[in-house]
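# Results of the structural survey
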Amino acid sequence: MTTTTHRIHHTPRPTTTDRHEQTRAERTLVTTSAGRRTLSGLRLATGFIFLWAFLDKTFGLGFSTPSAGAWIHGGKPSQGFLMSDAVSGPLKGFFASIASPTTDVLFMAGMLGIGVAVMAGVGLRISAVVGTVLMLLMYLAEWPFAANAASTNPLVDYHIVYALALIVVATLSGGDTWGFGAWWKRLPVVRKAPWLI
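Below is a short write-up of the structure.

Scoring rules and cut-offs
- Residues numbered from 1 in each chain as written.
- Predicted model: local features only at pLDDT ≥ 70, side-chain atom pairs only at ≥ 80, totals over all residues.
- Heavy atoms only, no water.
- Axes fitted to C-alpha atoms, helices over the stretch in contact; angles between N-to-C directions.
- Helix = DSSP H or I, 4+ residues; strand = E, 2+ residues; numbered from the N terminus.
- Parallel < 35°, antiparallel > 145°, perpendicular 65-115°, else oblique.
- Left-handed = near helix turned anticlockwise from the far one by under 90°.
- Contact = heavy atoms within 4.5 Å.
- Nonpolar A, V, L, I, M, F, W, Y, C, P; charged D, E, K, R; others polar.
- Buried < 20%, exposed > 50% of the residue type's maximum accessible area, 1.4 Å probe, protein only.

## A short note on the packing of helix α2 (residues 33-59) against helix α7 (residues 158-171)
Between α2 and α7, whose axes approach to 10 Å, the crossing angle comes to 135°. On the basis of their axis angle, the class for α2 and α7 is oblique. Where α2 crosses over α7, the handedness of that crossing is left-handed. Listed contacts from α7 to L39, L42, R43, T46, I49 and F50 of α2 are Y162, A165, L166, V168 and V169. Within the contact of α2 with α7, the residues separate by chemical class into nine nonpolar, one polar and one charged.

Here's what the structure looks like:
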């Protein structure tokens, strides 16, 4: 009788050193300091767009939301948009049907969460996903494909540009320069759940 020994190969779990190497590798995606600063400028500007939308709609600062329409004064940030003439096209009925106090809370939480996270340089992956979904929904609500639509371009408008900016910042680790991204990636919870990066 002969015996055969079998070797079992296990994939080793990444060590702390491996994770630090991964963080360093991500930082080399943008190889010049000018490129990293430019990317951080894009991150800060994009995050501020979302944060400003939250602040203006919450407090009615008078830019796109008058004081009387502020959320704190009973305004309905998402319902006001979803039930307005700005929503057009074949999905108008769908968007009108989902308008509710729940969509107000979800919309405002999204604007605040995306704005703060992106400006801080943390949670960029989830911010990019949530922000892109939000921007695509708003893009479809305004239906830029029809003649005389509010958009000046039937394919690429500011919703698409904002979504792409979020994706670029997340993909290139734009939170590491002028942000808390490098620190965030070292947190044990983030190491265990890389989608939080």
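## Some thoughts on unusual backbone geometry
Most peptide bonds are trans, and most residues other than glycine sit at a negative phi. Positive phi, close to 40°, is recorded for W143, a residue that is not glycine. Structurally, the position occupied by W143 is in the loop between α6 (124-142) and α7. W143 sits in the partly exposed class, given a relative accessible area of 22%. Positive phi outside glycine occurs at W178, with the angle close to 55°. Here W178 is to be found in the loop between α7 and α8 (181-186). Judged by its relative accessible area of 52%, W178 falls in the exposed class.

## With respect to the packing of α2 against helix α5 (residues 101-120)
It is the contact of α2 with α5, at a shortest axis distance of 7 Å, that shows an interaxial angle of 145°. α2 and α5 meet at a crossing whose hand is left-handed. Contacts between α2 and α5 involve R43, L44, G47, F48, F50, L51, A53, F54, K57 and T58 on the former and, on the latter, F107, M108, M111, L112, I114, G115, V116, V118, M119 and A120. Split into classes, the residues belonging to the contact of α2 with α5 amount to 15 nonpolar, three polar and two charged.

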